[in-house]
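Observations on the model geometry
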Amino acid sequence: MFVKYHLIYYAIYCLLVVVIILVHPIFIILLVIYSLFIIYRLNLMTLFAIIVFTLIFVLLLRYPSPVDDSILKGKIVNQDDNNIVLKTATTKVKVYGEFTGFKIGDELEIGVEYFDINEATNDNGFNYRNYLYSQGITNNASLTNIIASKKHDTLVNKLISRFDNDDLVSSYASMFIVGIKDQVINEYYQQLTELSVVHLFALSGLHIHMLKKIIKTPLSFMFPDKILEYVCLVIIGIYVYIIPFNVSFVRAYLVMVLNLLFGKYINRLDSLSIVTILMVGLNPYVIYSLSFIFSYFLYFLIILVNSHKYLNGLIYLGSLPIIINIQYRINLLSLFLGIILNPLVTILYQLLWLYTLFGSFFKPVTALVIQGLHNIIAFSHDFSIYLNFLKPPLF
């Protein structure tokens, strides 16, 4: 069989071809080595099927396409202090200006003036263009005037209104529940990044599985187990749809859906492969997204070593090449810190949902847990030991 239980080979082949197209032709060497591996591991006919599939995949790729319309009409899908992301019929545009009174979900018709996206001026510089493209944003623009607007009282705004206060608990709720980081949380978020534990605090597959357990607990008395699985999928699906797009969350949800609906016919690697091919096909620049790299690669490793007694250590070792390539150093405390923080983050995530749903009754205990987390993070940050590296060469 060319496909069943072999989809991971298709997904990796497609990924390598996209990397060749967008990053550097040198990866052709890896593609040749991988092709030989497929022949050795499977057979020549399977390699031929994979090549044919990949050619069709490349022809169907949808690349981000910049626009030049002076008037934009669309919906706000993300918002910051001085800008919004407006989703139009064809793309997303980051628009800078004064948008006081508007919220996520509101429709706008606006006049804009475009300005260039800054690109890296040296080999090791941050490529802002690739970063925006990885999010589906193709243009930077400044607001000239608001022509028309239509406000919507969306579900995500109802969620945000539950913790719309200028304090740390609300900031954590915003980050964990809807994936929006405000100015209050940015300083702490930088420390988490330097400690290499930021994945515990960014919405990911870990949190979607915790959310599923939270939903199942009260509903287990109302539905049989089989029906309850589908009820959870529907509720989580609505939630994933209404919050701002999150690569890790969407991956975890789609894999969950495929495993439940087609678990008799495909394995978990097949599910991951289908979602990978879909996400890269819709936007090849997603390979520049750190969320995509960490979420998809680490989930791939988790599947491979899921039953191993040193699972956490192996996942940590697997993430080191990515961390070194981003930060050029390793925090020696990060593995142990992750083990310590994981149960606390689990408790905090559950408390934040209780705070969001039931109000300030749960706020004091939530604030206490946050304070404990901050003490551990501050202590770890002050006494961190780093191993410094040069930037790894591309090859």
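Above this text you will find the structure in question.
Residues numbered from 1 in each chain as written. Predicted model: local features only at pLDDT ≥ 70, side-chain atom pairs only at ≥ 80, totals over all residues. Heavy atoms only, no water.

This brings us to the side chain of Thr-91. Residue position: Thr-91 is located in the loop between strand E2 (83-87) and strand E3 (92-96). If sequence neighbours within four positions are ignored, Thr-91 has contacts with Ser-65, Val-67, Leu-86, Gly-136 and Thr-138. (Helix = DSSP H or I, 4+ residues; strand = E, 2+ residues; numbered from the N terminus. Contact = heavy atoms within 4.5 Å.)

Oppositely charged side chains can pair when the atoms bearing their charge come close. Under the criterion given, the structure shown has four salt bridges. Residue Lys-158 is joined to Asp-153 by a salt bridge in which the shortest nitrogen-to-oxygen separation is 3.1 Å. Since its relative accessible area comes to 62%, Asp-153 is described here as exposed. Residues Lys-216 and Glu-229 are paired through a salt bridge, measuring 2.8 Å at the closest nitrogen-oxygen approach. Taken together, the residues Lys-216 in helix H8 (residues 205-219) and Glu-229 in helix H9 (residues 225-242) connect sequence positions 13 residues apart. Overall, Lys-216 belongs to the partly exposed group, its relative accessible area being 27%. Through salt bridges with shared partners, one network takes in Lys-212, Lys-216 and Glu-229. (Salt bridge = Lys/Arg side-chain N within 4 Å of Asp/Glu carboxyl O. Buried < 20%, exposed > 50% of the residue type's maximum accessible area, 1.4 Å probe, protein only.)

So, on to the nonpolar core. Residues Tyr-172, Phe-176, Ile-177, Phe-201 and Tyr-239 are the most contacted members of the largest nonpolar core, which totals 106 residues. The element best represented in this core is helix H1 (residues 7-22), accounting for 13 residues. Aside from chain neighbours lying at most four places away, what touches Phe-201 is Tyr-172, Met-175, Phe-176, Leu-192, His-207, Leu-341, Val-345, Leu-373 and Ile-377. In this structure, Val-85, Tyr-128, Leu-132 and Ile-137 belong to the second largest nonpolar core, which totals six residues. (Core = buried A, V, L, I, M, F, W, Y, C linked by side-chain atoms within 4.5 Å.)

Moving on: helix H11 (residues 268-282). Compared with the 21 Å implied by 1.5 Å per residue over 15 residues, the 21 Å span of H11 between its first and last C-alpha is a close match. The element H11 is largely enclosed, with a buried count of 11 among its 15 residues. Residues Leu-269, Asp-270, Ser-271, Leu-272, Ser-273, Val-275, Thr-276, Ile-277, Met-279, Val-280 and Gly-281 constitute the buried set of H11. The inward-facing, buried residues of H11 abut H1, helix H3 (44-59), helix H10 (247-262) and helix H12 (290-304). (Expected span 1.5 Å × (residues − 1).)

Time to look at helix H13 (residues 311-327). Since one α-helical turn is 3.6 residues long, residues separated by three or four positions face the same way. In this model H13 runs 24 Å from its N-terminal to its C-terminal C-alpha over 17 residues, within 8% of the 24 Å that 1.5 Å per residue would give. Of all the bends found along H13, the most pronounced is centred on Leu-320 and spans about 35°, while Pro-321, a proline, follows it within four residues. Along H13, the positions that sit buried rather than exposed are Ile-315, Tyr-316, Gly-318, Ser-319, Leu-320, Ile-322, Ile-323 and Ile-324. Summarising the contacts, the buried residues of H13 are in contact with H12, strand E6 (329-331) and helix H14 (334-358). With its phi angle positive at about 60°, Tyr-328 sits one or two positions after the end of H13. (Bend = angle between axes of the 7 residues up to and from the residue.)

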